[in-house]
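Fold and contact review
For reference, the chains in residue letters:
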Amino acid sequence: MFNHAISNSVYIRDPAVFVWLLEVLREQGLTDLARIPVEHAIAEADLGEPFGVVQMLEALLDGEWIDQAQSMAERAVPVVDLFDSIGIAWLLKVLRERGLTDQALRLAERAVSATPSYELVDAVELVQELRDGGWTEQTEKLNTRLPAVGSFDLFLGNIANPEDFRFGREADGTGAPGWTWDDLF
């Protein structure tokens, strides 16, 4: 009775507290008491920070709360902050590896079109995860944004013919034609 009253009154918005509570309940053999806090967390937890979402999803999936993890992923994909390309890459990886592929694809599509340009400077992990996930279209779309933010080396590493860009890139995205110093006179 007392335990049930506590579980009914626990509202968890902090991912770290949620993970801790699930671990404690699991260690004590009280996973049946976790149902209500899990439902509350799915509905109310702060899902803005990618690393926090990853921790919560992994705690749910490790506890075999599959449906709840899917619900949380559904809620997280449209609201998770895209200001951390490394965190987004990690979240994509967890979603993909844990079988939440629909949510991973939607997050990949959102990430390539809405990630702030300044975050793409360090997009190596994001590009790699898109490639590992087999999301060719999303990888290509993200790759077209890289030169504009100064990540030309990363751009060149993701195209079939980097030698086409030996002399740089035109404004329309095509490779610049070859030139010599004599062409300037």
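Scroll up a little and you will see the structure.
Described in the following lines is the structure provided in the data block. (Residues numbered from 1 in each chain as written. Predicted model: local features only at pLDDT ≥ 70, side-chain atom pairs only at ≥ 80, totals over all residues. Heavy atoms only, no water.)

The next thing to look at is the packing of helix α4 (residues 50–62) against helix α5 (residues 66–76). In contact at an axis separation of 8 Å, α4 and α5 are set at 160° when each is read in the N-to-C sense. Between α4 and α5, the angle is such that the two are roughly antiparallel. For α4 against α5, the interelement crossing comes out left-handed. Judged by residue contacts, Val-53, Met-56, Leu-57, Leu-60 and Leu-61 of α4 engage Ile-66, Gln-68, Ala-69, Met-72, Ala-73 and Ala-76 from α5. Partitioning the contact of α4 with α5 into residue classes produces ten nonpolar, one polar and no charged. (Axes fitted to C-alpha atoms, helices over the stretch in contact; angles between N-to-C directions. Helix = DSSP H or I, 4+ residues; strand = E, 2+ residues; numbered from the N terminus. Parallel < 35°, antiparallel > 145°, perpendicular 65-115°, else oblique. Left-handed = near helix turned anticlockwise from the far one by under 90°. Contact = heavy atoms within 4.5 Å. Nonpolar A, V, L, I, M, F, W, Y, C, P; charged D, E, K, R; others polar.)

Applying the stated criterion to the full structure yields four salt bridges. For Glu-97, the salt bridge is made with Lys-93, and the minimal N-O distance between the two is 3.9 Å. Of this pair, Glu-97 and Lys-93 both sit in helix α6 (residues 85–97), four residues apart, which is roughly one turn of that helix. One salt bridge in this structure joins Arg-96 and Glu-129, with 2.7 Å as the shortest N-O distance. (Salt bridge = Lys/Arg side-chain N within 4 Å of Asp/Glu carboxyl O.)

Here the structure, examined in full by the defined rule, presents one aromatic pair. Measuring from centroid to centroid gives 4.9 Å for Phe-51 and Trp-90, while their planes differ by 45°, and the two rings are tilted. Residue Phe-51 is found in helix α4, and its partner Trp-90 is found in helix α6; the two are separated by 39 residues along the sequence. Taking relative accessible area as the criterion, Phe-51 reaches 27% and is therefore assigned partly exposed. (Phe/Tyr/Trp six-rings, centres within 6.5 Å; stacked < 30°, edge-to-face > 60°. Buried < 20%, exposed > 50% of the residue type's maximum accessible area, 1.4 Å probe, protein only.)

Moving on: the environment of Arg-98. Tracing the backbone shows Arg-98 in the loop between α6 and α7 (101–114). Remark: the alpha-carbon pair of Arg-98 and Leu-57, spanning 41 residues in sequence, is separated by 9.3 Å. In this structure Arg-98 touches Glu-58, Leu-61 and Asp-62, once residues within four positions along its chain are discounted. Polar contacts involving the side chain of Arg-98 include one to the side chain of Asp-62, which spans 2.8 Å. (Polar contact = N/O pair within 3.5 Å; in protein donor to acceptor, adjacent residues only side chain to side chain.)

Take α4 next. Compared with an ideal rise of 1.5 Å per residue, which puts 13 residues at 18 Å, α4 spans 18 Å between its outermost C-alpha atoms and is within 8% of the ideal. Those residues of α4 lying buried are Pro-50, Gly-52, Val-53, Val-54, Met-56, Leu-57, Ala-59, Leu-60 and Leu-61. Elements in contact with the buried residues of α4: α2 (15–27), α3 (35–44), α5 and α6. Immediately beyond the C-terminal end of α4, within one or two residues, lies Glu-64, with a positive phi of roughly 60°. (Expected span 1.5 Å × (residues − 1).)

Along the chain, Glu-39 falls in helix α3. Separated by 123 residues in the primary sequence, Glu-39 and Pro-162 have C-alpha atoms spaced 50 Å apart.

On the surface, a cluster of nonpolar side chains totalling about 670 Å² of accessible area is made up of Phe-167, Trp-179, Trp-181, Leu-184 and Phe-185. Turning to its location among the elements, Trp-181 is positioned in the segment after α10 (152–156). According to the relative accessible area criterion, Trp-181 is exposed, its value standing at 60%. (Patch = residues over 30% accessible without salt bridge, like charges linked within 9 Å, V, L, I, M, F, W, Y side chains within 5 Å. Areas by Shrake-Rupley, 256 points an atom, 1.4 Å probe, with all protein chains shown as cover.)

Moving on: the nonpolar core. Of all hydrophobic cores here, the largest spans 51 residues; its most connected members are Leu-92 and Leu-107. Counting only elements with at least two residues in this core, the list comes to α2, α3, α4, α5, α6, α7, α8 (124–132) and α10. When near neighbours in sequence (up to four residues on either side) are disregarded, Leu-107 contacts Val-77, Val-80, Leu-82, Ile-88, Leu-91, Leu-92 and Leu-95. (Core = buried A, V, L, I, M, F, W, Y, C linked by side-chain atoms within 4.5 Å.)

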